[in-house]
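Chain by chain, the residues run as shown.
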Amino acid sequence: MDNRDGLMLGICNGFQALIKLGLVPFGHIVDMTSDSPTLTFNTIGRHQSMMVNTRIASTKSPWLTGCEVGDIHRIAISHGEGRFVASPELIKQLADNGQIATQYVDLNGAPTLDIRFNPNTSIEAIEGITSPDGRILGKMGHSERIGRDICKNVPGAKDQKIFESGVAYFK
């Protein structure tokens, strides 16, 4: 990726692949160690499928140029292994570098570990992260599950403009 100008997106299982390779959060393939960041089993020990509120925490990524920091979206999740875990040192580095892209939030828009709003209890309520340059985005929520008649009985903005932003990057 260092010498290319492309974008990469991994949603749900795609996020798992990106993190297992090290592409997020490091931006290149790395050998995994016992203290590498990972996505593991939800704390509840079973699959979770629901709509959740997520907050845009950083717009460093070209994938998120259609958003503003603080925007809240209702996103579908469906996974059994979506809990993001990493060392406190790495979490601080990600936060300092603007690599925490999206977070699970409560009804007031605050990041939370409350399982009612963060269904896997990811550290720092992390739902999505990026590579250091932002061109690689991995996230658990199914941002592709949008459309005029999808979840129309569920209030809230659902389109994070990820795909439009990705296309705009190349124009």
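About the thresholds
Residues numbered from 1 in each chain as written. Predicted model: local features only at pLDDT ≥ 70, side-chain atom pairs only at ≥ 80, totals over all residues. Heavy atoms only, no water. Pairing = 2+ DSSP bridges. Helix = DSSP H or I, 4+ residues; strand = E, 2+ residues; numbered from the N terminus. Axes fitted to C-alpha atoms, helices over the stretch in contact; angles between N-to-C directions. Buried < 20%, exposed > 50% of the residue type's maximum accessible area, 1.4 Å probe, protein only. Arc of directions from axis to C-beta. Contact = heavy atoms within 4.5 Å. Core = buried A, V, L, I, M, F, W, Y, C linked by side-chain atoms within 4.5 Å.

Caption draft 1: The arrangement of the sheet that holds strand β7 (residues 126-130) in detail. With respect to topology, six strands assemble into an open sheet ordered β1-β8-β7-β6-β3-β4, the strand pairing being mixed. The outermost strands of the open sheet, each flanked by one partner alone, are β1 (8-11) and β4 (72-79). Adjacent strand axes in the sheet meet at a mean angle of 20°, parallel and antiparallel pairs treated alike. Two elements, β7 and strand β8 (residues 136-139), share three bridges in a ladder whose sense is antiparallel.

Caption draft 2: Up close: helix α3 (residues 88-96). Inspection of α3 places Leu90, Ile91 and Leu94 among the buried residues, and these make up the whole buried set. Viewed end-on, α3 has its buried residues packed into an arc of 100°, placing them on one side of the element. Residues of α3 that are exposed and point over 90 degrees away from its buried face: Pro88, Glu89, Lys92 and Asp96. Close packing links the buried residues of α3 with α2 (23-26), β5 (83-85), β6 (100-104) and β7. Phi for glycine 98, located one or two positions after α3, is positive at around 70°.

Caption draft 3: Looking closely at the nonpolar core. Residues Phe15, Ile19, Val24, Phe84 and Ile129 are the most contacted members of the largest nonpolar core, which totals 22 residues. When residues of this core are traced back to their parent elements, those giving at least two are α1 (13-21), α2, α3, β6 and β7. When sequence neighbours within four positions are dropped, the list of residues in contact with phenylalanine 15 reads Gly10, Val24, Leu39, Phe84, Glu127, Ile129, Gly138, Lys139 and Met140. Counting residues in each nonpolar core, the second largest holds eight residues, with Ile56, Leu64, Ala101 and Leu137 among its members.

Caption draft 4: Spotlight on unusual backbone geometry. With an omega of 10°, the peptide bond between valine 24 and proline 25 qualifies as cis. When you line up the elements, proline 25 lands in helix α2. Positive phi values are uncommon outside glycine, yet alanine 125 reaches one of about 60°. For alanine 125, the position within the fold is in the loop between β6 and β7. For alanine 125, a relative accessible area of 1% translates into the label buried.

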